[in-house]
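Coordinate analysis (summary)
If you want the building blocks of each chain, they are given just below.
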Amino acid sequence: TAPVAAPTDESVAAADNKTPKFPPINNRNMWERHCEADTKEGVAGVVVGTIPAWLEGRLIRNGPGIRFIGQDRYNHLFDGLSILHMVNIENGTASYTSRFLESDAYTINHRANRIVVSEFGTAGIPDPCISLYDKFKTWIMPPISRKNTDNCVVNVLQVKDELLAMTETNAIRIVDPATLETNPLKLHINHFVAIHRATAHPHVEEDSTVYNLGFIKGKGPLNYVIVALKDGKVQNAEIQATVPARWKFNPGYLHSFGLTEHYFILIEGSLAFDIKSMMLPTIFGGTAARAMRFHPKETKKFRLISRKTGEELQTNYISASFFNFHYINCFETEGHVVVDVCETSENVMDYLYMDNIEKSADDPSKNTLNVLAKRYVLPVDDIEKAATSEELLKNVDCAKISREDFLASASAEKLPNGDVFLKGVTMTENFLELPRINYKYNKKPYKYAYGVNIEDYKKEFLNFDGLIKLNVCTGEHKIWQDKDYLCSEPVFVATPDALDEDDGVLITIIINKNEPKKLSLLVIDAVNMTETARVNFVANGVITPTFHGQFIAAGQKTHGY
């Protein structure tokens with residue numbers, strides 16, 4: 001980590017030409033922002049419009065807030081130290097609270113005034129307080145052997161009464177759901193079940209069982225495992241299924257996974273870890289991010305694992321190379337499994353280094369990417385009887401995106417070697433990421449997806465300036481937009497006794513691009529995508545963007561996404 005100035009207006013005006021210059025706080029890209037003060041005491045908001053009387057509960061979001069420790073800067077979008085944001089909605093009003101997650105990483109780094117604990121894309125510098133021997137050991141330790149960070153910056157999960165902050169390691173932090181204070185007790189999922197890492201994108205079932213995807217490293221190839229947590233309790237973790245990575249020394253990077261009534265779904269392939277690079281010592285800048293390799297010429301592998309037996313289906317489903325962080329939804333219908341994802345064809349991890357994000361839009365060396373909603377359909381029944389080179393989705397309605405003036409279809413073809421080659425169908429040409437649905441339709445046939453949108457993804461890389469509603473059957477869409485704000489992932493909340501899938505509102509946090517301490521709770525009518533209410537807040541510190549979150553509805557005993 002190179003010495004850099006803190007990202008303040010003063011640093012931009014600094015005269016020392018040897019000091020790297022950074023944009024002011026109201027900078028080119030909102031993800032560059034750095035927060036130095038949280039808002040522990042709730043601040044009341046000013047309501048514009050009307051919050052539905054039935055909408056009561058807490059919207060909690062998680063994301064990187066601290067990008068600098070002393071003179072050290074975090075290198076990657078996924079590295080910044082976590083700050084939790086909460087909007088409490090009650091009696092037609094709302095209040096805002098935020099707190100830094102006081103993880104071990106937070107405490108150790110601030111004590112040393114430098115980045116000591118390594119993150120996904122940033123190698124830590126040995127703690128000055130430790131012995132010379134321990135410093136040497138830290139320098140030569142490779143990423144695969146280092147203690148995992150507990151900077152739980154990606155998501156939150158509350159199923160019953162316990163709120164958890166999550167990231168892509170084995171560490172989970174317990175947070176007070178009322179105050180956002182960090183509980184001193186730290187959980188490691190590997191203390192309860194033999195896995196090394198887990199995703200931050202679990203699925204919550206109607207009976208409160210939580211499923212998540214984990215990873216086991218041992219003497220042989222890395223294995224993917226499905227873990228069940230009864231009532232969302234890490235202490236209740238049990239392994240449900242285990243499958244080996246298809247490449248022994250190049251396990252895939254899987255950010256999330258799919259779930260249907262009968263299957264767990266993994267999409268493995270193009271972006272993978274190089275185990276040899278994972279052995280590179282810290283002194284040479286070894287990080288998990290640096291150990292990733294994108295293989296654009298390799299196929300993607302769709303893996304269906306039976307929820308009943310834990311066994312993988314023998315059919316080998318493949319497609320052309322692509323990458324997806326997120327699944328929109330998956331479901332089964334008439335002998336087919338439908339897999340909807342947010343897809344990009346690029347090596348997105350390299351694009352998410354801060355050096356790239358900080359470049360101006362007119363810099364020809366800046367890498368940007370588009371993300372599109374794609375549908376893949378996997379035929380399950382009677383594959384062995386299908387003819388070679390036959391289109392297997394010819395009369396399959398769920399494979400079609402159809403409206404009065406448009407018709408397109410996903411494709412599945414049986415190859416001579418018995419593999420089934422899949423081609424996805426694009427559901428909209430509009431940017432769609434951080435997808436959400438009405439969670440009552442998770443694993444079920446559905447009609448609507450919601451996400452963040454960018455009108456010009458090349459000019460406004462990651463500066464999400466709108467929300468999109470997509471009809472996944474027709475490709476029709478509606479967009480809400482306010483270019484003065486950055487939009488966060490929308491969360492769907494159904495109206496009481498809703499009859500239609502989109503009867504409800506979208507709620508999210510939007511961040512003022514020009515006034516760094518201002519943010520708003522946004523309430524959108526999910527039917528017509530019009531603004532119902534906006535609650536404006538002024539925080540103590542700079543507001544930074546978030547990754548994911550959850551709405552905890554008042555009066556409900558069990559909470560999903």
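Bear in mind the structure is a predicted one, so any value in this text is a computation, not a measurement.

Description of the pattern of salt bridges
Per the counting criterion, the structure on display carries 22 salt bridges. One continuous salt-bridge network, built from bridges that share partners, spans D104, D150, R173 and K186.

Some details on the environment of V491
On the secondary structure map, V491 appears in strand 36 (residues 491–494). Note: C-alpha distance between V491 and G549 (58 residues apart in sequence) is 8.0 Å. Not counting residues up to four positions away in its chain, the partners in contact with V491 are L59, R61, R436, V505, L506, I507, F551 and Y561.

Considerations on the side chain of R73
Tracing the backbone through its elements, the reader meets R73 in strand 5 (residues 72–73). Looking at R73, its side chain comes within polar contact range of the side chain of D355, at 2.6 Å. At a separation of 3.0 Å, a polar atom in the side chain of R73 contacts the side chain of E358.

Here's the deal with unusual backbone geometry
A positive phi angle, close to 55°, is found at N91, a residue other than glycine. Inspection of the secondary structure assignment puts N91 in the loop between strand 6 (81–90) and strand 7 (93–100). For L180, which is not glycine, the phi torsion reads 70° and is therefore positive. With a relative accessible area of 0%, L180 lands in the buried category.

Considering the packing of aromatic side chains
Counted according to the given criterion, the structure contains 19 aromatic pairs. Ring centres of F78 and F547 lie 5.7 Å apart, and the angle between their planes is 85°; on these two criteria the pair is classed as edge-to-face. On the criterion of sequence distance, the pair formed by F78 in the loop between strand 5 and strand 6 and F547 in the loop between strand 39 (530–538) and strand 40 (548–553) is long-range, its members being 469 residues apart. Measuring from ring centre to ring centre gives 6.2 Å for Y253 and F323, while their planes differ by 20°; the resulting arrangement is stacked.

Quick word on helix 2 (residues 104–112)
Taken together, the buried positions of helix 2 are A105, Y106, N109 and A112. All buried residues of helix 2 fall inside an arc of 150° around its axis, so they share one side. Two residues or fewer after helix 2 comes N113, characterised by a positive phi angle close to 60°.

Description of empty space enclosed by the protein
Here the structure, examined in full by the defined rule, presents 6 cavities of 30 Å³ or more. Approximately 360 Å³ is the volume attributed to the largest cavity. Lining the largest cavity we find 22 residues, and of these H201, Y327, P435, R436 and Y439 sit closest to its centre. For the lining of the largest cavity, the elements supplying multiple residues, two or more each, are strand 17 (258–259), strand 23 (327–333), strand 31 (433–436) and strand 40. Here the lining of the largest cavity gets 4 residues from one element, more than from any other, and that element is strand 23. For the lining of the largest cavity, the residue count by class is 10 nonpolar, 10 polar and 2 charged. Around the second largest cavity, the lining comprises 15 residues; the ones closest to its centre are M166, I172, I189, N212 and L229. Broken down by secondary-structure element, the contributors of at least two residues to the lining of the second largest cavity are strand 9 (163–166), strand 10 (171–175) and strand 14 (210–216). Classifying every residue of the lining of the second largest cavity by side-chain character gives 10 nonpolar, 5 polar and no charged.

Section: the sheet that holds strand 10
Pairing is antiparallel across the open sheet formed by 4 strands, whose spatial order is 8-9-10-11. Edge positions in the open sheet fall to strand 8 (155–158) and strand 11 (182–188), since each of these has one partner strand only. For this sheet, the mean angle separating the axes of adjacent strands, direction not counted, is 30°.

Some points on the UniProt feature "binding site: Fe cation" (unreviewed entry) in the protein chain
If you check UniProt for "binding site: Fe cation" (unreviewed entry), the listed places come out as H201, H255, H326 and H548 in our numbering. The greatest C-alpha distance among the annotated residues, which extend across 348 residues, is 12.9 Å, indicating that they converge on a single site. Looking only at the residues we just named, the largest cavity is lined by H201, H326 and H548. Mapped onto the fold, H326 is located in the loop between strand 22 (317–319) and strand 23. Note on H326: relative accessible area 8%, which makes it buried. Contacts of H326, omitting those with residues within four sequence positions, involve H201, H255, S256, V341, C342, E433, L434, P435 and H548. There is a polar contact of 3.4 Å between the side chain of H326 and the side chain of H201. Inspection of the secondary structure assignment puts H548 in strand 40. Owing to a relative accessible area of 4%, H548 belongs among the buried residues under this scheme. Beyond its immediate stretch of four places on either side in the chain, H548 contacts I60, R61, N62, V154, N155, H201, H255, H326, L434 and E489.

About the thresholds
Residues numbered from 1 in each chain as written. Predicted model: local features only at pLDDT ≥ 70, side-chain atom pairs only at ≥ 80, totals over all residues. Heavy atoms only, no water. Salt bridge = Lys/Arg side-chain N within 4 Å of Asp/Glu carboxyl O. Helix = DSSP H or I, 4+ residues; strand = E, 2+ residues; numbered from the N terminus. Contact = heavy atoms within 4.5 Å. Polar contact = N/O pair within 3.5 Å; in protein donor to acceptor, adjacent residues only side chain to side chain. Buried < 20%, exposed > 50% of the residue type's maximum accessible area, 1.4 Å probe, protein only. Phe/Tyr/Trp six-rings, centres within 6.5 Å; stacked < 30°, edge-to-face > 60°. Arc of directions from axis to C-beta. 1 Å grid on protein atoms, 1.4 Å probe; cavity = no way out; pocket = protein on both sides within 12 Å on 5 of 7 lines; lining within 4 Å. Points joined across faces, edges and corners; volume = space filled by probe spheres on them. Nonpolar A, V, L, I, M, F, W, Y, C, P; charged D, E, K, R; others polar. Pairing = 2+ DSSP bridges. Axes fitted to C-alpha atoms, helices over the stretch in contact; angles between N-to-C directions. UniProt positions renumbered as here; feature names shortened; annotations may be inferred.

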